[in-house]
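Given next are the chains, with one letter for each unit.
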Amino acid sequence: MIKERVSTSPDERGYYGKFGGAFIPEMLYPNVEELRRRYLEIMHEAAFQMEYRDLLRDYVGRPSPLYLAGRLSAKYNTRIYLKREDLNHTGAHKINNTIGQILLAQRLGKRRIIAETGAGQHGVATATVCALKGIECIVYMGEKDIERQAPNVARMKMLGAKVVPATSGSKTLKDATNEAIRDWINNPVDTHYIIGSVVGPHPYPDLVARFQSVISEETRAQLKEKTGSELPTHVIACVGGGSNAAGAFYHFLEEGEVELIAVEAAGHGIHSGMSAATTQLGKPGILHGSRSYVMQTEDGQVVEPHSISAGLDYPGIGPLHAYLFDSGRATFLSATDDEAVAAAFELTRLEGIIPALESAHAVAALDQLQLNEQDTVVLCLSGRGDKDMATYMRVMEGGNI
Amino acid sequence: MSRITELFKRKSSKVLNVYCTAGFPRLDSTLEVMKALQDNGADLIELGMPYSDPLADGPVIQASSTVALSNGMTLATLFGQLARMRESIGVPVLLMGYMNPVLQYGFERFCADAAAAGVDGLILPDLPIYEFETEYGPVMRKCGLDFVFLVTPETSPERIRQVDGLSSGFLYAVSSSSTTGKDKDMGEQEAYFARLQQMQLKNPVLVGFGIRDRGTFEAACRHANGAIIGTAYIRALEGGADVGAATKKFLSGILGPAEASGAAKKSAI
Ligand SMILES: Cc1ncc(COP(=O)(O)O)c(C=O)c1O
């Protein structure tokens, strides 16, 4: 299932071109090094693969459908397939990664799981697999996000996780990540950190990309069946840290004729001071253990981004994406809060699918592309909109978003 | 010979290194704090460059960084403050911080400015060995700056040897696998310090993280050349305490009144 693909993988030190690496304090070294030494070997074990595949099929509900969105396609005069990650158990792509990592953690003999979460989707996906395996789960979440995302906080608690507020700094996702890393430093032996995107020190970006690569692996097979060709002309995905995009792009990275389109959150507008479009606003730097694009002040202090979608509200981007951006292999677009909300309503009315706000950014990017009837577009619908109903209700009531 | 190496030549036990955050408690208190530390018995000063996301630090030091940043501290401001440092500060000074702000400033420019200000060494906990060897170490060496690596109880003997070979000045032994400020039982840690001692390393060893009072300082000094205090001192400066009085009280609590005031007399001469 997880194929070896040389150019999609980083080098042995975790670099994609000049991005990546493992810029971590010595206190984290034993944990990260253990993972680096063992992740490929464990992931390639037949027993691991079997358990991972079985859970993806019977528990997550994979393969997720590749749905030809007829009315959406008609609007853009092209063929648009939605890769339905929203239909996964727990409602987003995040669980592809947490299933893989919990199996990895078990094989590493870990008895305690920690995670960070912004919107709560990754926290819920982590709490879910911990319940499944009967393993202790602690989720760090910014104090502000705990207030904003009450339903997901309740889900995590019901699943038996302990939700710990991150009260430092800006009290959002980046600070929750700091707190999770600190927890790991303080618990070097029995704890595994399930990071939620293709960020962090090597080997995390590669590890998470491999677990999410099931998205593009299935897409190829499904396209072949539906169109006769494994290759689309375009693949579109939203990018926070970049895990659903990494998974949607993975098996197309070496197919030069497939256009890869990553959509960042522009917030109130790229130059509004309230944005999360990291490749547009960031500079190369180091955040959470890897070298990538980072939104920061001139003095190298990390700034607080803004997006209406908590899952895209991150001042960094995975090193693979920094590399895809720099090399021009992927095209980076952005959608504002308003454009994303409009796209969410449009998709809902055209197809009867209420998307997550994150995924709605990818839908919004359709407006920026020149598409025609020869094109085959795959759009990664990374999650469903249940968690965003409070925002959508405010829009329907005519209030401010 | 670097100022740090010279210090350890002169004094090989009970060396006290105290951490303070540049720009904390006030933007312009950096030198005042350093002076107070020197006058009250600190042998070395580790000056923290505040960062928004200090992964290796605990909440107390992070909070001091947040204050320093909101006071307006930047690397440019800091080097301005340090320009005349050597008129009043004789003890070795290390800058401690994280890679991102340093890279934004420009690594070569950073090292050149640090050396020009009279800084003796650097501690950058998130700089890995390979990048140190291939990219950044040579720049530091060119500027005559020492570089100090960290080791923990989980660091393998081979790796300890490796970073001992790469470090100059001293080796920073983290006393427990914890971010700064966590209280752990010193007794648990002593076996680890003893192991380090038996390895006969090239560099002197200072024990950091978790030292907070005379007892923990002396326990650390039994098996190492000295210790580093951070969180406990930052706590002593919190809440608008007078820097001079708070530092004097704090360090006499660590060293005992005689040594602390003895140091004050020495430096007054
Ligand atoms: C539905 C959904 N899509 C996308 C994201 C963004 O993450 P990533 O960029 O890693 O796919 C999130 C994160 O919470 C999410 O919940």
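These numbers were taken from a predicted model, which means no experiment stands behind them.

Let us now look at the pattern of salt bridges. Residue and element names in this part refer to chain A. Applying the stated criterion across every chain, the model contains 34 salt bridges over all chains. Residues E34 and K110 are paired through a salt bridge, measuring 2.9 Å at the closest nitrogen-oxygen approach. Residue E34 is found in helix α1 (residues 29–44), and its partner K110 is found in the loop between α4 (94–107) and β5 (112–117); the two are separated by 76 residues along the sequence. According to the relative accessible area criterion, K110 is buried, its value standing at 7%. The shortest N-O distance in the salt bridge between R210 and D206 comes to 2.9 Å. You can see R210 and its partner D206 sitting in helix α9 (residues 204–212), four residues apart, about one turn around the helix. Accessibility assignment for this pair places R210 and D206 in one class, buried. Sharing partners across several salt bridges, the network here consists of E45, E51, R107 and K133.

Attention now moves to the site of the ligand. Residue and element names in this part refer to chain A. Of all residues adjacent to the ligand, which total 18 residues, the nearest are S197, G240, G242, S243 and S382. S382 is positioned with one of its side-chain polar atoms (N or O) 2.7 Å from a nitrogen atom of the ligand. With the chains in place, 97% of the 390 Å² that the ligand exposes on its own is no longer accessible. Counting atoms within 2 Å of the grid points, the majority share of the ligand lands in the largest cavity. When the residues that make up the shell around the ligand are grouped by side-chain class, the tally is five nonpolar, 11 polar and two charged. Taken together, domain 1 (23–55 + 94–207) and domain 2 (61–91 + 213–397) each give at least three residues to the shell around the ligand, which thus spans both.

Moving on, we come to the UniProt feature "domain: Tryptophan synthase beta chain-like PALP" (unreviewed entry) in chain A. Here, UniProt's "domain: Tryptophan synthase beta chain-like PALP" (unreviewed entry) annotation points to residues 61–383 of chain A. Each end of residues 61–383 of chain A is marked by a C-alpha atom, and these two atoms are 14 Å apart; helix forms 40% of the span and strand 21%.

Each neighbour pair has its own omega, and for A:R62 with A:P63 the value is 0°, a cis peptide bond. On the secondary structure map, A:P63 appears in the loop between α2 (46–60) and β3 (66–68). Residue A:P203 follows A:H202 across a cis peptide bond; omega there is 15°. Among the secondary structure elements, A:P203 is positioned in the loop between β8 (191–193) and α9. The phi dihedral of A:N77 is positive, around 55°, even though this residue is not glycine. Positionally, A:N77 belongs in the loop between α3 (70–76) and β4 (79–84). You can call A:N77 partly exposed: its relative accessible area is 45%. Residues other than glycine seldom take positive phi values, yet B:Q200 does so here, at roughly 55°.

The description of two helices packed together rests on the angle between their axes and the distance between the axes. All names here are of chain A. Here α4 crosses helix α5 (residues 121–133) at 40°, and the two axes come no closer than 9 Å. Classed by the angle they form, the pair α4 and α5 counts as oblique. Regarding α4 and α5, the two cross each other, and that crossing is right-handed. For the pair formed by α4 and α5, the contact residues are K94, I95, N97, T98, I99, I102, L103 and Q106 on the first element and Q121, H122, A125, T126, T128, V129, C130, L132 and K133 on the second. Of the residues that constitute the contact of α4 with α5, the class distribution is eight nonpolar, seven polar and two charged.

Moving on: the side chain of A:T78. All names here are of chain A. With respect to the helices and strands, the residue T78 is situated in the loop between α3 and β4. Separated by 2.8 Å, the side chain of T78 and the backbone oxygen of N372 make a polar contact. Beyond its immediate stretch of four places on either side in the chain, T78 contacts S73, L371, N372, E373, D375 and V377.

Calculation criteria
Residues numbered from 1 in each chain as written. Chains lettered and ligands numbered in written order. Predicted model: local features only at pLDDT ≥ 70, side-chain atom pairs only at ≥ 80, totals over all residues. Heavy atoms only, no water. Salt bridge = Lys/Arg side-chain N within 4 Å of Asp/Glu carboxyl O. Helix = DSSP H or I, 4+ residues; strand = E, 2+ residues; numbered from the N terminus. Buried < 20%, exposed > 50% of the residue type's maximum accessible area, 1.4 Å probe, protein only. Near = heavy atom within 4 Å. Polar contact = N/O pair within 3.5 Å; in protein donor to acceptor, adjacent residues only side chain to side chain. Areas by Shrake-Rupley, 256 points an atom, 1.4 Å probe, with all protein chains shown as cover. 1 Å grid on protein atoms, 1.4 Å probe; cavity = no way out; pocket = protein on both sides within 12 Å on 5 of 7 lines; lining within 4 Å. Sits in = over half its atoms within 2 Å of the grid points. Nonpolar A, V, L, I, M, F, W, Y, C, P; charged D, E, K, R; others polar. Domains from an automatic or database assignment. UniProt positions renumbered as here; feature names shortened; annotations may be inferred. Axes fitted to C-alpha atoms, helices over the stretch in contact; angles between N-to-C directions. Parallel < 35°, antiparallel > 145°, perpendicular 65-115°, else oblique. Left-handed = near helix turned anticlockwise from the far one by under 90°. Contact = heavy atoms within 4.5 Å.

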